[in-house]
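Observations on the three-dimensional arrangement
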Amino acid sequence: MSKKTVTFGEIMLRLAPEGYYRFVQAQSYGATYGGGEANVAVSLANYGLDSAFVTKLPAHEIGQAGINSLRQFGVDTSNIVRGGERVGIYFLEKGASQRPSKVIYDRAGSSIAEAAEDDFDWDKIFGDADWFHFTGITPALGDNVAKICLQACKKAKEKGITISCDLNYRNKLWSKEKAGEVMGELCQYVDVCIANEEDAGDVFGIKAADTDVTTGKVNHEGYKEVARELADRFGFKKVAITLRESLSANDNNWAAMLYCGGEYYFSKKYTMHIVDRVGGGDSFGAGLIYASLSDMDPQESIEFAVAASCLKHSIEGDFNQVSVGEVKKLAGGDASGRVQR
């Protein structure tokens, strides 16, 4: 498929203790790379699309290692700007049973957080692009980065490029009030809105009735109203909401809903035993983008996106390293996990 996608955001160095060790137990840390929009770019490249990732990274070896982590999957890194002093870092402690996972950020002053609007030539970057994707994490890095996101959205809209945004609220980066203000402006340009079961409430105050994510109670019907209200407020063509029922840190039920053309489409539900949940939402977003660009119908699209994300929860690291064939097999009903010989 000759479709070109562009994603924009921050790729970070991920440092994580081995297995399920806690930070205070760790004697060493495994080093990998990841970040919301970078994770989407890798998924789309694995699905065979022309996938480009845009960011700013320092011109030293750690920055280069981040670029190399994308190149190995065929992601186009040619428009990554070099400059600044540091790569953002996040530390991940994996949860188990009733102990939740924890993330500690060390990303202040990263190259992308200090980027300027004139660092990026969006006319050149978008070229013959068909789709632009960003998340709510990126504008949360600073007012300057929010302005860059707005600049990109305006240029993409001018060129007739489809724009998707995963709301991805992070309370360690900004307040709900600030998120609502900034994302409210950016969402005026967005065609496809992606959210989890909490994002719409956190960012825009739109909440599903009879839902309590801390107890694992998610009222699927309540999200119909959430999706409709989001679409009515911003003019989204599609709204996709992931529906996670957290039974424990290791075991979740996983499904999603798509609102499109005034109709609601619910996926099947998977019961997952989790290896690594970081990047789960990004793999869902990438699955939905691929399905949309492949002209799948709405039910096929939501089934493909949920199956892609379900598989990601079984893979270590941020990146979803699966093929279209593997996703379609699961979406088609083969969830046995039996050995393939």
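Report on the accompanying structure.

Conventions and cut-offs
Throughout this description, residue numbers start from 1 for each chain and increase along the sequence as written. The predicted nature of this model means local features are confined to residues of pLDDT at least 70 and side-chain atom pairs, given and counted, to a pLDDT of 80 or more, with totals for whole chains, interfaces and linings taken over all residues. Only heavy atoms go into the side-chain values, all of them from the structure, while hydrogens and water stay out. The secondary structure listing takes helices from DSSP runs of H or I that are at least 4 residues long and strands from runs of E that are at least 2 residues long, numbered from the N terminus. The span expected for a helix works out to 1.5 Å for each residue beyond the first. Exposed residues in this analysis have more than 50% of their type's maximum accessible area, buried residues have under 20%, and partly exposed residues fall in between, with area computed by a 1.4 Å probe over protein chains only. By definition in these notes, contact holds between two residues if any of their heavy atoms fall within 4.5 Å. Under the rule applied, a polar contact is a pair of N or O atoms within 3.5 Å (in protein, one hydrogen donor and one hydrogen acceptor; residues adjacent in sequence only if both atoms are side-chain atoms).

Bringing helix H4 (residues 143–158) into the picture now. Owing to its 3.6 residues per turn, the α-helix brings residues three or four apart onto one side. With 16 residues, H4 should reach 22 Å at 1.5 Å per residue; the first-to-last C-alpha distance of 23 Å fits that figure. Regarding H4, the residues found buried are Val145, Ala146, Ile148, Cys149, Leu150, Ala152, Cys153, Lys155 and Ala156. Packed against the buried residues of H4 are strand S1 (4–8), helix H3 (122–126), strand S9 (131–135), strand S10 (162–166) and helix H5 (176–186). Positioned one or two residues after H4, glycine 160 has a phi angle of 75°, which is positive.

Right, let's talk about the environment of aspartate 123 for a bit. Along the chain, aspartate 123 falls in helix H3. Residue classification places aspartate 123 among the partly exposed residues on the basis of a relative accessible area of 40%. Along the sequence, aspartate 123 and asparagine 252 sit 129 residues apart, while their C-alpha atoms lie 42 Å from each other. Apart from residues no more than four positions distant in its own chain, aspartate 123 is found in contact with Lys155 and Lys159. Engagement of the side chain of aspartate 123 in a polar contact is seen with the side chain of lysine 155, the distance being 3.4 Å. Within the structure, aspartate 123 has its side chain in polar contact with the side chain of lysine 159 (distance 3.2 Å).

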